[in-house]
Amino acid sequence: MIARIPLVLDPQPEGGYTVTSPLLPELITEGDTIAECLTNAEDAFAVVMGVYEDEGRALPAGIRVDDAEGPVTVEAVLTVQAS
């Protein structure tokens with residue numbers, strides 16, 4: 001599955017970033033680098049999808065999903081907040 005979701009990376013004083021999504025408030029993760037943030041966002045998105053599926057909820061309308069049968073991959077639109 002390829003999902004296109006917006007992500008916001010907030011730099012942290014101790015280094016690294018906190019990752020959130022304005023469309024999925026349940027998606028919260030972190031990483032030391034942007035690459036690590038994206039990998040962790042894929043894992044977090046898979047967990048959030050499982051919760052939505054278990055609860056019978058549809059994903060928010062602003063999330064675009066392609067190839068629903070494939071492995072979970074996030075194609076993000078990033079916003080990196082100024083530190």
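Summarised in this report is the structure supplied together with it. Source: prediction; values computed, not measured.

Attention now moves to the pattern of salt bridges. Summed over the entire model, instances satisfying the criterion amount to two salt bridges. A salt bridge links E26 to R57, with the nearest nitrogen and oxygen atoms 3.1 Å apart. Of this pair, E26 sits in the loop between β2 (17-20) and β3 (28-31) while R57 is found in the loop between α1 (34-55) and β4 (64-66), placing the two residues 31 residues apart along the sequence. Looking at E26, the relative accessible area reads 36%, which means it is partly exposed. Residue R57 pairs with E55 through a salt bridge whose shortest N-O separation is 2.8 Å. Via salt bridges that share partners, E26, E55 and R57 belong to a single interconnected network.

Another point: a negative patch on the surface. Taken together, the side chains of E14, E30, D32 and E36 define an acidic patch exposed on the protein surface. With respect to the element layout, E14 can be found in the loop between β1 (2-11) and β2. For E14, a relative accessible area of 64% translates into the label exposed.

Here the focus is the pairing of β1. Pairing analysis gives three bridges linking β1 to β4, with the strands arranged antiparallel. Residue R4 lies in a different strand from β4, and its bridge partner there is R64. Taken together, the four bridges between β1 and β2 define a ladder with antiparallel strand orientation. Among the inter-strand pairings, L9 is bridged to a residue of β2, identified as V19. If you look at the hairpin formed by β1 and β2, you'll find five residues sitting between the two strands, and G15 has a positive phi there, around 110°.

Basis of the calculations
- Residues numbered from 1 in each chain as written.
- Predicted model: local features only at pLDDT ≥ 70, side-chain atom pairs only at ≥ 80, totals over all residues.
- Heavy atoms only, no water.
- Salt bridge = Lys/Arg side-chain N within 4 Å of Asp/Glu carboxyl O.
- Helix = DSSP H or I, 4+ residues; strand = E, 2+ residues; numbered from the N terminus.
- Buried < 20%, exposed > 50% of the residue type's maximum accessible area, 1.4 Å probe, protein only.
- Patch = residues over 30% accessible without salt bridge, like charges linked within 9 Å, V, L, I, M, F, W, Y side chains within 5 Å.
- Areas by Shrake-Rupley, 256 points an atom, 1.4 Å probe, with all protein chains shown as cover.
- Lys, Arg positive; Asp, Glu negative; His and termini not counted.
- Charge placed at Lys NZ, Arg CZ, Asp CG, Glu CD.
- Pairing = 2+ DSSP bridges.

Shape is all these values report; function is a separate question.
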